[in-house]
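For reference, the chains in residue letters:
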Amino acid sequence: MHSTLFAHWRKAIPALLVACCLFSLPATSLAHGDHDKTPDPKTGILLVAFGSSLPEAQASFQNIDAKVRAAHPDIPVQWAFTSHIIREKLARQEGKQLLSPAQALSLMADQGFTHVAVQSLHTIPGEEFHSLLQTVHAFESFPEGIAHLSIGTPLLGVTQDLDRTADALLANAPADRSSDQALVFMGHGTHHPGNVYYIAMQELLRSRDPLAFMGTVEGSPSLDQVRSELKRRGVKKVWLMPFMSVAGDHAQNDMSGPEADSWVSVLTADGMDCTPVLKGTAEFDNIVAIWLDHLEQALHELN
Ligand code: CO
């Protein structure tokens, strides 16, 4: 009966607040048996990524999932995806039902979780991360929500994260690259103030390696800015790598696709020899280790 109620409730997710109020009366007695008894503590991990509809991107999610489960073998792991476009696309094309953060938290509350560490697998604290924060904070105040919630920051948060990430990105450069060849990372970029993280990464990369560059698809630094730096230095050969957790649509198309405006096409037209490396950052263990440390911190904050 409980699960039937819940299934019904999930269909009513757009009316989340209203549904929650209606649900709160029967849920109390069903979930905890005795009304006066405090529920037994139950800790869980919720991993939250943007999402990708491409099968090539799954390697990143699988790697993170395996590393998180290995680090915390006793704690159940749930996934949620912040992009509603991706969730709808996968539901329509493949009949896959991916959960939004609100749906995943509802499910975990229903399953009796009392302590949940929510780990953002985003790259920067931008729009996706800030809307996740709002969802989590809203959930804390629901009468049948999860009493103890904490949030692990995205890959880039404090300065130490940026230094570690810059070191890791350079360590992950292709072994075949020689010192006169450029390494260009493609970040997402955003109109959100969090875009400054990409500009900071550009500085940190360049202070370590004069031919390492950060560009973005939708923000700053732009491809044109990177291009003029490459030309000024007379670069002949460029290695391109995504600075995104997955080698998804942007990496496959905007970075290395056959269209005239892909980064490979534009730089090739400028006379540079380009080799794209189609691996998301979450396929590299030295990057995943940074997210794992943020999760560790979030789990610590639950107690
Ligand atoms: Co995008």
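Further up the page is the structure itself.
Conventions adopted
Residues numbered from 1 in each chain as written. Predicted model: local features only at pLDDT ≥ 70, side-chain atom pairs only at ≥ 80, totals over all residues. Heavy atoms only, no water. Helix = DSSP H or I, 4+ residues; strand = E, 2+ residues; numbered from the N terminus. Buried < 20%, exposed > 50% of the residue type's maximum accessible area, 1.4 Å probe, protein only. Contact = heavy atoms within 4.5 Å. Areas by Shrake-Rupley, 256 points an atom, 1.4 Å probe, with all protein chains shown as cover. Donors = N, O, S within 2.8 Å, 3.2 Å for Na, K, Ca; no water. 1 Å grid on protein atoms, 1.4 Å probe; cavity = no way out; pocket = protein on both sides within 12 Å on 5 of 7 lines; lining within 4 Å. Points joined across faces, edges and corners; volume = space filled by probe spheres on them. Nonpolar A, V, L, I, M, F, W, Y, C, P; charged D, E, K, R; others polar. Axes fitted to C-alpha atoms, helices over the stretch in contact; angles between N-to-C directions. Parallel < 35°, antiparallel > 145°, perpendicular 65-115°, else oblique. Pairing = 2+ DSSP bridges. Right-handed = clockwise from strand over helix to strand, strands pointing away. Phe/Tyr/Trp six-rings, centres within 6.5 Å; stacked < 30°, edge-to-face > 60°.

*Asks:* Explain the overall build of the chain residue by residue, including any values.
*Replies:* A count of helical and extended segments in the chain gives 12 helices and eight strands. The buried share of the chain, reckoned over its 303 residues, is 52%. Counting contacts in the chain only where the partners sit at least 6 residues apart, residues at least 24 apart contribute 75% of the total. Counting every atom, the chain has about 14,200 Å² of accessible surface; 55% of that belongs to carbon and sulfur.

*Asks:* Please provide a residue-by-residue account of the coordination of the cobalt ion, values included.
*Replies:* The coordination sphere of the cobalt ion, as far as protein atoms go, consists of H188 (NE2) and H250 (NE2), spread over 2.1 Å. Separated by 62 residues along the polypeptide, H188 in the loop between β5 (182–187) and α8 (196–208) and H250 in helix α10 (residues 249–255) bring together distant segments of the chain. When its relative accessible area of 27% is taken as the criterion, H188 is described as partly exposed.

*Asks:* Just give me the short version of empty space enclosed by the protein, but keep the residues and values in it.
*Replies:* Take a probe with the size of a water molecule and roll it over the atoms, and the empty space left behind shows itself. Taken as a whole and assessed by the stated rule, the structure comprises one cavity of 30 Å³ or more. Reported here for the largest cavity is a volume of approximately 40 Å³. Taken together, L47, I64, V68, Q119, L121, V288, W291, L292 and L295 form the lining of the largest cavity. For the lining of the largest cavity, the elements supplying multiple residues, two or more each, are α3 (58–71) and α12 (285–302). Per-element accounting of the lining of the largest cavity gives the leading share, four residues, to α12. Of the residues that constitute the lining of the largest cavity, the class distribution is eight nonpolar, one polar and no charged.

*Asks:* Summarise the packing of helix α7 (residues 159–171) against α12; cite the residues concerned and give the values.
*Replies:* Relative orientation of the contacting elements α7 and α12 amounts to 160°, with a least axis distance of 8 Å. Classified by the angle between their axes, α7 and α12 sit roughly antiparallel to one another. In this structure, α7 contributes D161, R164, T165, A168, L169 and A171 to the contact, and α12 contributes N286, I287, A289, I290, D293 and H294. Across the contact of α7 with α12, the residue classes tally to six nonpolar, three polar and three charged.

*Asks:* Could you give me a rundown of the pairing of strand β3 (residues 115–120), with the residues and numbers involved?
*Replies:* Buried residues dominate β3, accounting for six of its six residues. Neither face of β3 is open: one carries H115, A117 and Q119, the other V116, V118 and S120, and all of them are buried. Two strands pair when backbone bridges link them, and strand β1 (residues 43–49) and β3 are joined in this way by six bridges, in the parallel orientation. Each bridged residue has a counterpart across the sheet, and for L46 the counterpart in β3 is V118. Bridging between β3 and strand β4 (residues 148–152) involves five bridges; their strand directions are parallel. Across the sheet, the residue bridging to V116 is L149, located in β4. One crossover worth recording links β3 to the parallel β4 by way of helix α6 (residues 127–140), and it is right-handed.

*Asks:* Please set out the packing of aromatic side chains residue by residue, giving values where relevant.
*Replies:* According to the stated counting rule, one finds five aromatic pairs in the structure shown. Centroid distance F61 to F81: 5.6 Å. Interplanar angle 70°. Geometry classified as edge-to-face. Taken together, the residues span a long stretch of sequence, with F61 in helix α3 and F81 in strand β2 (residues 77–81) at a distance of 20 residues. No difference in accessibility class separates F61 from F81, as the two residues are buried. Their ring planes at 15° and their centres at 5.9 Å tell us that W79 and F81 sit as a pair that is stacked. Both residues of the pair, W79 and F81, belong to the buried class.

On their own, these measurements won't tell you what the molecule is for.
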